[in-house]
Amino acid sequence: MAQHISFYEGKTARVYFDTELDTLFLEYLKGVKSHDEFVKINSSVLVAFKKLNTQKFVADIRHMGIISLESQQWVVQHLLPGMVDHLNGAMLYHAQLLDPSEVFSKVSGSSIKKNSSDEIEAIEFEQFSDRKLLEDYLTSIQ
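Report follows, based on the coordinates. (Residues numbered from 1 in each chain as written. Predicted model: local features only at pLDDT ≥ 70, side-chain atom pairs only at ≥ 80, totals over all residues. Heavy atoms only, no water.)

## As for the packing of helix 1 (residues 35–51) against helix 2 (residues 69–86)
Logical step 1: The geometry of helix 1 relative to helix 2 is characterised by a closest axis approach of 10 Å and an angle of 10 degrees between their N-to-C directions. One finds that helix 1 runs roughly parallel with respect to helix 2. Contact with helix 1, carried on its side by H35, F38, V39, N42, S43, V45, L46, F49 and K50, involves E70, S71, W74, V75, H78, L79, G82, M83 and H86 of helix 2 and no other residues of that element.
Logical step 2: When grouped by side-chain class, the residues that make up the contact of helix 1 with helix 2 number nine nonpolar, seven polar and two charged. (Axes fitted to C-alpha atoms, helices over the stretch in contact; angles between N-to-C directions. Helix = DSSP H or I, 4+ residues; strand = E, 2+ residues; numbered from the N terminus. Parallel < 35°, antiparallel > 145°, perpendicular 65-115°, else oblique. Contact = heavy atoms within 4.5 Å. Nonpolar A, V, L, I, M, F, W, Y, C, P; charged D, E, K, R; others polar.)

And the structure:
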């Protein structure tokens, strides 16, 4: 059974490391109310990532709701580049777990994917709507 190491627990989100998948997870439990809350949660992601020896990060955005353009840009300008910098040239494997019926989350996630893929070279960015396929992908990364 997978062991989870918790880095952040809140009403809106939780951040934990899955030891079996060697992956840092950000799981939204409900919609983010403000940009400040979004930055607080995602700053805890970056702090956790820098403490770990992994190249894998998953954002479970199925319950995130819509996030502002400012928050989307924060991910592209601060969170993902901070992770890539920490890896010193190694590839960052980033995946989003989304619910295709949750239109707002899907649109926000796709915008982040497009913008980060355009601006950051050392990133492989995937999207999944099936948890099993996501886990198979994470397991395949050596």
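## Re the sheet that holds strand 1 (residues 4–9)
Logical step 1: With respect to topology, six strands assemble into an open sheet ordered 1-2-3-4-5-6, the strand pairing being mixed. Each end of this open sheet is capped by a strand with a single partner; those strands are strand 1 and strand 6 (123–128). When the angles between neighbouring strand axes are averaged without regard to direction, this sheet yields 20 degrees.
Logical step 2: In the sheet, strand 3 (residues 23–28) pairs with strand 4 (residues 56–60) via four bridges, with the strands oriented parallel. Residue pairing for strand 4: E27 is matched across the bridge by D60.
Logical step 3: Seen against the sheet, helix 2 touches strand 4, strand 5 (92–97) and strand 6 and runs at an angle of roughly 145 degrees to strand 5.
Logical step 4: Along the sheet, helix 3 (residues 103–119) makes contact with strand 5 and strand 6, crossing strand 6 at roughly 160 degrees. (Pairing = 2+ DSSP bridges.)

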